[in-house]
Amino acid sequence: MPAKAVDPAEMRAAVQAVLPWLRGEADQPERPVLAAAVRLSLRTLERIAPGRSVEVRVPPFAAVQCVEGPRHTRGTPPNVVETDPRTWLELATGGLAWADALDGARVTASGTRADLSHLLPVVRF
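Throughout this description, residue numbers start from 1 for each chain and increase along the sequence as written. At least 70 in pLDDT is required for a residue's local features to be given in this predicted model, at least 80 for side-chain atom pairs to be given and counted, and no such filter applies to totals for whole chains, interfaces and linings, which use all residues. With hydrogens and water excluded, all non-hydrogen atoms of the structure serve as input to the side-chain values.

This part is about the overall build of the protein. A run of H or I in DSSP counts as a helix once it spans at least four residues, and a run of E counts as a strand once it spans at least two, with each numbered from the N terminus. Per the secondary structure count, the protein includes 5 helices and 4 strands. Throughout, radius of gyration means the C-alpha value; the globule benchmark is 2.2 Å times the number of residues raised to the power 0.38. Taking 125 residues into account, the globule formula puts the C-alpha radius of gyration at 14 Å, and the protein, at 14 Å, falls close to it. The dimensions of the protein, computed from C-alpha atoms along their principal axes, are 40 × 35 × 25 Å. Each residue is assigned to one of three classes by its accessible area relative to the maximum for its type, calculated with a 1.4 Å probe on protein chains only: buried under 20%, partly exposed between the two thresholds, exposed over 50%. Relative to its full complement of 125 residues, the protein shows a buried share of 45%. Here the protein displays about 6900 Å² of accessible surface, and carbon together with sulfur accounts for 50% of that area. Distance between charge centroids for the protein: 7 Å, based on 15 positive and 14 negative side chains. In these tables, accessible area is a Shrake-Rupley quantity obtained with a 1.4 Å probe, and a residue counts as shielded only by the protein chains included in the view. By the counting scheme adopted, Arg and Lys are positive, Glu and Asp are negative, and His together with the chain ends is not counted. Taken as the charge centre is NZ of Lys, CZ of Arg, CG of Asp or CD of Glu, depending on the residue.

Now the structure itself:
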């Protein structure tokens, strides 16, 4: 089943609403605002890199499967990326480099296909 379509304007608006927080200029946004930015940006990643070989998790808001390759169907996938909402949004907007997120232990990535650096950012401002 293909990933659900994402309206680019809706995704940009959702992410733009959290930019002041990401830049340190505002308090953390309300949960629904943050959730929308995370979910829509993850679904955008899913559309950019269709597939089911990597699971990207941003608890507590969403997880998607993406990247072409062997499909995983049971248990813990062999290729997993997990991070917190702020780190994900910084990666998604280009405010944080993939290598820096790994070096700073802000993201965990396991498996041979779990390097998302070539897919980021998913939106630019």
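Read on for the rest.
Under the pairing criterion, centres of Phe, Tyr and Trp rings, with the six-membered ring standing for Trp, must be within 6.5 Å; the plane angle then separates stacked pairs below 30 degrees from edge-to-face pairs above 60, leaving the rest tilted. Following the criterion strictly, the structure yields 0 aromatic pairs and no others. A positively charged side chain is recorded as over a ring if its NZ (Lys) or CZ (Arg) lies within 6 Å of the ring centre. The angle to the ring normal must also be within 35 degrees. A cation sits over an aromatic face here: Arg12 above Phe125, 4.4 Å from the ring centre. Over the face of the ring belonging to Trp21 we find Arg86, whose NZ or CZ atom lies 4.6 Å from the ring centre.

We now examine the side chain of Ser41. Relative to the assigned elements, Ser41 resides in helix H3 (residues 31-48). Residue classification places Ser41 among the buried residues on the basis of a relative accessible area of 0%. Reaching out from Ser41, the side chain makes a polar contact with the backbone oxygen of Ala37 at a distance of 2.7 Å. Pairs of residues are marked as contacts when any of their non-hydrogen atoms sit within 4.5 Å. In this structure Ser41 touches Met11, Val15, Trp88, Leu89, Ala92 and Val122, once residues within four positions along its chain are discounted. The term polar contact refers here to a pair of N or O atoms within 3.5 Å; inside protein, the definition further demands a hydrogen-donor-capable atom paired with an acceptor-capable atom, and it admits residues adjacent in sequence only when both atoms are side-chain atoms.

An order of S2-S1-S3-S4 is seen for the 4 strands of this open sheet, with the pairing classed as mixed. Looking at the sheet topology across the chains shown, the edges are occupied by strand S2 (62-66) and strand S4 (107-110). Sheet twist, expressed as the mean angle between neighbouring strand axes with direction ignored, is 10°. Strand pairing is assigned whenever DSSP identifies at least 2 bridges connecting the two strands. When strand S3 (residues 80-83) meets S4, the two strands line up antiparallel, connected through 4 bridges. From the neighbouring strand, Thr83 faces S4, where its bridge partner is Val107. The convention used is that axes are lines fitted to C-alpha atoms, helices contributing only their stretch in contact, and that angles between N-to-C directions extend from 0 to 180 degrees. Sheet strands touched by H3: strand S1 (54-58) and S2. Its angle to S2, the strand with the most contacts, is close to 5°.

So, about the side chain of Thr87. Note on placement: Thr87 falls in helix H4 (residues 85-93). One polar contact links Thr87 to Arg106, side chain to side chain, over a distance of 3.1 Å. Not counting chain neighbours up to four residues away, the residues in contact with Thr87 comprise Leu96, Ala101 and Arg106.

Formed by 38 residues in total, the largest nonpolar core has its most connected members in Val38, Leu45, Val56, Val81, Trp88, Leu89 and Leu116. Looking at this core, the elements that each hand over two or more residues are helix H1 (8-16), helix H2 (19-22), H3, S1, S2, H4 and helix H5 (98-103). Here this core takes 7 residues from H3, the largest share from any one element. Once residues within four sequence positions are removed from consideration, Leu116 is found in contact with Leu45, Val56, Val67, Val81 and Trp98. Only buried Ala, Val, Leu, Ile, Met, Phe, Trp, Tyr and Cys residues count toward a nonpolar core, and they belong to the same one when joined by side-chain atoms within 4.5 Å.

By themselves, these are just geometric observations and shouldn't be taken as functional.
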